[in-house]
Amino acid sequence: MFKRIKNKYIRYIAIAIYFLIVLVCAIQLNFLGLFGYSPTKKDITMPSVNISTELYTADSVLIGRYFDEDRNPVAFDSISKNVINALVATEDVRFYKHSGVDFLGLGSGIVSTLSGDRRGASTITQQLAKNLYRTRYNKSGGLLGKIPGVGLIVTKFKEWMTAYKLESRYEKNEIITMYLNTVSFSNNSYGIQTAARRYFSKNASELSINEAAVLVGMLKGTTIYNPMRNLDKSRERRNVVLTQMEKAKYIDQTQVDQLSKEPLVLRTENKDIHAGEDSYLRAAVERWLEKWADENDMDIYKDGLKIYTTINSKLQKHAEEAVAKQMQVLQRRLKNAWGSEEPWRDLSGKVIPGFIENLVKKTDYYKFLVKKYDQRTDSIDFYLNRKKEMEVFSWKGERMREKVQMSTVDSIKYYVTMLNTGVMSMDPYSAEIKVWVGGIDHQFFKYDHVNQSKRQAGSTFKPFVYLAALESGMTPCDQIQDKPVTIKIDKGDSIEVWEPKNADWNFSYRDMSLRWAMARSVNSITVQLTEKVGADKIVEAAHRVGIESKLSPVASIGLGPNDVSVFEMVNGYATMMNHGERVTPILVSRIEDYDGKVIATFKPERKQVVDKQDAWLMTYMLRGGMEEPGGTSQALWEYDLFDKENEIGGKTGTSSEYVDGWYMGVTKDLVTAVWVGCDDRNIHFKNSQTGEGSKTALPIFGLFMESVYKDKQLGYTQGKFPAPTVEITKKYKCETPRPPREEVVSDSTAVDDEMLIDGLEDLQNGGTTQEEGLSTSGDDDASDVLSTHNDAAAIRPRDSLGFGD
């Protein structure tokens, strides 16, 4: 058909246009899969970018982000003019004159390249096309993309086409805004707003000429010109950008001379940036969100959601400060308790042979050395014991980090003796979780001690025994004698005998009310109640109020041999405070989309599971720890907590050999659980004076509540517990006889482990073998061993049968 065109030049032009149209159509349709993906009209009209999801407290404090690309898009008028000028001058000086492809600039670039001065010729619009639609990724290349040279030509042509589409759809300022919101500035910073905060701790609208020049200069090479990694190169590139801005008439030579002499000053301590780092709370919400996101077809890493938790930022801060203050004391105490002795001990108190060696052998580094040196022990031992610089968690270091010289073996010894903690506080009526402290430092210890870790509850489990007793018809005033108890356990072919002891190994032979007995944490009475009510009834009551872990209905159940989480214990105690109504703890209150529209709200499930009278009586019983003679909570008198007739209830707990220290504290507004211990159960305190829950966990609660009451802006006031909402028909006002001398009662149930091991073998065999991992970061050697800690710390009989309080 082209032969009809007589003029050969016009004919050649027509042929070229024809084949250009065919090529464009073929590329758009991805004919035979040759050309790969090209953006459609819909893609151009609604371009999408990955936007980080932000996590907030209930009082709107940013505490975390979730992202594949950390990006926070901003509007054109929220970007400093200095940034726009620097970008145009450096990357595309004719940006406001071309229509997406700058053929004049392309020709100039080719000439410069041939002369040895390589520089790009892509316009800002072309670069935006590449960033938005990933035109150079394998999935966009098609079959022709696999041919060297041809693939580059096809890709470049698609970028031109896409650039023209963008220019036809958007204004210039919209294009440059999209570009600045999509481009990477290294350090997982995407977009100019995130980069401004990351490097200079300010908004994009506040960037100075020099700061804008630094960031725009990074676009030529985000690694080589990264100011955090290469300050000198970044400063040189900044000065090049300043020169380009002068050539484009955005600044004059005097400014260039002055600005070029200024030092490059970074400000990287922006709190919003560090909010994007890992934390126990961020990780806990992330685990919770996985199911919700899947059910609602959302991606928390790309969709730019705003997630509002129930956490109160000030309460959280007070809890974290209380943890930091007390845990430093406890860590020193543990170190001083053992001195130069090795703390990993068996039941008889002897050092466990090969304890550290077994942990070392579980590390990836050890496996690497074995493979590299063909199991030559001399070489392996040399590298395992060679000291090197590493950053470790330290209470005395800046931001709890310290650079030290340690070997792999040293680091494992260091971390395995580190005490950890879990703290959770909740409003028992609204079910809103107000505080979540999963450990001492999430970067180094990933395992969350609020809801991932499960440990023996010790005597903090006793209130569930007393709840079952009340439900069986008993009253707080019913009396049981504190006396020796003999429990016969049918082993099938034999009868085993267990004789539980009290914490001080003595029996008073007093008749004690249930309230007094629970307040003093008397083991003999708890065991008698268990035998009277039935262990299965206690299991049922505990499960009903909020304990979801498997519980073995053994005779010692009230002494806390079963492993439970801090989360469960808070839920169980909250049910009693909430008039017997069990509520599902809520960590997230609402979720908004990027435009601020609420797309989900969350309310607790509610169910009445305990008679209101019995629930109120249990709160009255919990107050006994402070009010009854010798109550185990009375160390709280040391804190400024008792103005205005304030009432506090609580229960201490300590598992055998002081492995786990607990305190459960309840006020009129909050239910709080604190656990303290080493992640490896073979390492613990030596005696009750240093290691029981009233000495380890209770002080954290005391410090926390003291700071809460002193912070008047929070609105948490002292006062009495809520009055009963039903008539109390059971007798509960019974006066306890005051002994002539009040002794301090230990909260440890140091019972006869040997008899328990023989008598309760079913619990040992059926008990959980989950061990809380110490997975860390910051030291690869320690991370290796501690992340495999589940296997390293074998469960010993005392771990299945350790009894608190």
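Look up: the structure comes first, before these words.
Figured I'd write up the structure that's included with this text. (Residues numbered from 1 in each chain as written. Predicted model: local features only at pLDDT ≥ 70, side-chain atom pairs only at ≥ 80, totals over all residues. Heavy atoms only, no water.)

### Notes on the overall build of the chain
Helix and strand content of the chain: 33 helices and 22 strands. Within the chain, contacts between residues at least 6 apart in sequence are counted, and of these 73% link residues at least 24 apart. About 35,700 Å² of surface is accessible on the chain, with carbon and sulfur atoms providing 50% of the total. (Helix = DSSP H or I, 4+ residues; strand = E, 2+ residues; numbered from the N terminus. Contact = heavy atoms within 4.5 Å. Areas by Shrake-Rupley, 256 points an atom, 1.4 Å probe, with all protein chains shown as cover.)

### Focus on the sheet that holds strand β18 (residues 598–601)
Spatially, five strands are ordered β2-β1-β5-β17-β18 in an open sheet, and the strand pairing comes out mixed. At either margin of the open sheet sits one strand with a lone partner, and together these are β2 (62–66) and β18. Taken over all neighbouring pairs, the strand axes of this sheet differ in orientation by 20° on average, direction set aside. The strands touched by helix α13 (residues 280–295) are β1 (53–56), β2, β5 (306–309), β17 (588–592) and β18; relative to β2, the strand with the most contacts, the crossing angle is about 50°. (Pairing = 2+ DSSP bridges. Axes fitted to C-alpha atoms, helices over the stretch in contact; angles between N-to-C directions.)

### Some points on the pattern of salt bridges
Considering all chains together, one arrives at 26 salt bridges under this definition. Residue Arg544 pairs with Glu540 through a salt bridge whose shortest N-O separation is 2.7 Å. With Arg544 and Glu540 both in helix α22 (residues 535–545), this residue pair falls four residues apart, about one helical turn. By relative accessible area, Glu540 is classed as partly exposed at 39%. We note a salt bridge from Asp563 to Arg681, for which the minimum N-O separation is 2.9 Å. Here Arg681 lies in the loop between β22 (671–678) and α26 (688–691) and Asp563 lies in strand β15 (residues 563–564), a separation of 118 residues in the sequence. (Salt bridge = Lys/Arg side-chain N within 4 Å of Asp/Glu carboxyl O. Buried < 20%, exposed > 50% of the residue type's maximum accessible area, 1.4 Å probe, protein only.)

### Observations regarding the packing of helix α10 (residues 231–247) against helix α11 (residues 253–261)
Taken N-terminus to C-terminus, the directions of α10 and α11 make an angle of 170°; their axes are 9 Å apart at the nearest point. One way to sum up the angle between α10 and α11 is to call them roughly antiparallel. Taking contact as the criterion, the partners of Arg238, Asn239, Leu242, Thr243 and Glu246 in α10 are, on α11, Gln253, Val256, Leu259 and Ser260. Across the contact of α10 with α11, the residue classes tally to three nonpolar, four polar and two charged. (Parallel < 35°, antiparallel > 145°, perpendicular 65-115°, else oblique. Nonpolar A, V, L, I, M, F, W, Y, C, P; charged D, E, K, R; others polar.)

### Some points on the nonpolar core
Ranked by size, the top nonpolar core spans 145 residues in total, and within it Tyr466 and Leu636 carry the most contacts. With near-sequence residues (within four places) excluded, Leu636 lies in contact with Met626, Leu641, Phe642, Ile648, Tyr663, Leu698, Phe701 and Gly702. The next biggest cluster of nonpolar side chains, apart from the first, holds 44 residues, and it includes Leu128, Tyr179, Ala212 and Met218. (Core = buried A, V, L, I, M, F, W, Y, C linked by side-chain atoms within 4.5 Å.)

### Some thoughts on the pairing of strand β7 (residues 401–406)
Bridging between strand β6 (residues 388–398) and β7 involves seven bridges; their strand directions are antiparallel. In the strand pairing of β7, Lys388 is matched with Met406. Counting the residues between successive antiparallel strands, the hairpin from β6 to β7 contains two residues, one of them, Arg399, with a positive phi of roughly 50°.

### Side note on the packing of helix α19 (residues 462–471) against helix α24 (residues 612–622)
Contact geometry of α19 with α24 gives a least axis separation of 10 Å together with a crossing angle of 140°. For the element pair α19 / α24, the angle class is oblique. When you trace α19 past α24, the crossing you get is right-handed. Counted together, Pro463, Tyr466, Leu467, Leu470 and Glu471 of α19 and Asp614, Leu617, Met618, Met621 and Leu622 of α24 form the full contact between these two elements. Taken together, the residues of the contact of α19 with α24 break down into eight nonpolar, no polar and two charged. (Left-handed = near helix turned anticlockwise from the far one by under 90°.)

### Things to note about the state of the cysteines
Inspection of every chain in the model, using the stated rule, returns one disulfide. Bridging Cys477 to Cys734, the disulfide has an S-S length of 2.2 Å. Between Cys477 and Cys734, the S-S dihedral sits near -95°, and the bridge is therefore left-handed. Of the two residues, Cys477 is situated in the loop between α19 and β11 (479–481) and Cys734 in the loop between α28 (698–710) and α29 (753–759); the sequence distance between them amounts to 257 residues. For Cys734, a relative accessible area of 22% gives the class partly exposed. (Disulfide = S-S within 2.5 Å.)

### Considerations on the packing of aromatic side chains
What the rule picks out here adds up to 21 aromatic pairs. When the centroid spacing of 5.3 Å and the interplanar angle of 15° are considered together, the rings of Trp344 and Phe355 count as stacked. Here Phe355 lies in helix α15 (residues 355–360) and Trp344 lies in the loop between α14 (313–338) and α15, a separation of eleven residues in the sequence. Assigned by exposure class, Trp344 and Phe355 land together as buried. Look at Phe461 and Phe464: their rings are 5.0 Å apart centre to centre, the planes differ by 75°, and that puts the pair in the edge-to-face class. Given a relative accessible area of 2%, Phe461 falls into the buried group. Judged by relative accessible area, Phe464 falls into the buried class, the value being 0%. Pairwise contacts between aromatic rings join Phe393, Trp395, Tyr414, Tyr415, Phe444 and Phe445 into one cluster. (Phe/Tyr/Trp six-rings, centres within 6.5 Å; stacked < 30°, edge-to-face > 60°.)

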